[in-house]
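Tertiary structure, described
Each chain, letter by letter, is given below.
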Amino acid sequence: MVIAIANQKGGVGKTTTAINLAAAFARRGQRVLLLDLDPQANSSISFLDPDTIEFSAYDLLMDGLGGSNQIIYKTSLSGLDIIPARISLAKIEAKLVGDFDAPFRLKDRLEPLRALYDMLIIDTPPTLGLITVNALVAATHVLIPIQSSFFALEGTDDLLETIEKVKTRPNPNLQVLGVLVTLHDKRTTLAREVYERIRAVFGPKMFETVITKSVRLEESPAYKESIFTFAPNSSGASEYAKLCEEVISRV
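Residues numbered from 1 in each chain as written. Predicted model: local features only at pLDDT ≥ 70, side-chain atom pairs only at ≥ 80, totals over all residues. Heavy atoms only, no water.

1. A few points about the layout of surface pockets
Considering only enclosed or pocket space, the largest pocket measures out at about 460 Å³ in volume. Surrounding the largest pocket, 25 residues form its lining, Gly13, Lys14, Thr15, Thr16 and Asn42 being those nearest its centre. Per-element tally for the lining of the largest pocket: the top contributor is helix α1 (residues 14-27), with five residues. Looking at the lining of the largest pocket residue by residue, the classes come out as nine nonpolar, 12 polar and four charged. (1 Å grid on protein atoms, 1.4 Å probe; cavity = no way out; pocket = protein on both sides within 12 Å on 5 of 7 lines; lining within 4 Å. Points joined across faces, edges and corners; volume = space filled by probe spheres on them. Helix = DSSP H or I, 4+ residues; strand = E, 2+ residues; numbered from the N terminus. Nonpolar A, V, L, I, M, F, W, Y, C, P; charged D, E, K, R; others polar.)

This is the structure we're talking about:
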């Protein structure tokens, strides 16, 4: 199973969801590979010291798995490995444009790894460019985080259109796993109204789990930990554990 976490809007909790959903599956005893495709590399630095990253997703896309033992890094959490990102990934689209296999590059590169892991989770950049398209072509499912803010649904049509285009030809088996409301402040009237708007648009595609605003979730990456080890009794840990169970129930 390959889950791409995608939304072209920034600041909607993609990386937080990628980190903690991957950790939740690893805690269940599954073998998990987290792939960071965002040049900002926030998923990567949540687990690794940037100075220790020599090879990255850029090398995976350009050179394949010739040095897979160097591209894949262990994290402190048993069962969770990561292919990190570096800023060099920002140059990948210019290098791939025009290549006949450009949209399929990631799918081809990940194929040898799928038998080694129960779950592959892809953190994507806040764009709908070639990197995100590669993630959607490689994925079996896409999870869409949406922040419960005033502009929550802005740009959603473009994302859904991109998903439909990918399903039309490059990846007809791609499924929308669900829409996840993130950064939700249930104390405010606006957040509750936005939540209802999102539910009206997506209906049963929405996860019942809602990720609420949490200082602990914001702090944990600074300590290179998932929410489960940083604050195991927090609301964030409980919510991502529930999300993991809900994902399992949907697939």
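2. Some points on the confidence of the model for the protein chain
Confidence in the prediction of the protein chain, expressed as mean pLDDT, is 91, and 98% of residues score 70 or more. Confidence, read as mean pLDDT per element, is least for helix α4 (residues 68-71) in the protein chain (74) and greatest for strand β1 (residues 2-5) (98). (pLDDT = per-residue confidence, 0-100.)

3. Observations regarding the sheet that holds strand β4 (residues 80-83)
Taken in spatial order, the eight strands make up an open sheet running β3-β4-β2-β5-β1-β6-β7-β8, and their pairing is mixed. Edge positions in the open sheet fall to β3 (73-74) and β8 (206-212), since each of these has one partner strand only. As paired elements, strand β7 (residues 175-184) and β8 share three bridges and run parallel to each other. From the neighbouring strand, Val181 faces β8, where its bridge partner is Val210. Packed on one face of the sheet, helix α8 (residues 156-168) meets β6 (141-147) and β7 and runs near 180° to β6. (Pairing = 2+ DSSP bridges. Contact = heavy atoms within 4.5 Å. Axes fitted to C-alpha atoms, helices over the stretch in contact; angles between N-to-C directions.)

4. A look at empty space enclosed by the protein
The final tally for this structure, using the stated rule, is one cavity of 30 Å³ or more. In this structure, the largest cavity occupies an estimated 40 Å³ of space. The wall of the largest cavity is formed by Thr16, Ile19, Asn20, Ser46, Leu217, Ser220, Pro221, Glu225, Ser226 and Ile227. Looking at which element gives the most residues to the lining of the largest cavity, the answer is α1, with three residues. When the residues that make up the lining of the largest cavity are grouped by side-chain class, the tally is four nonpolar, five polar and one charged.

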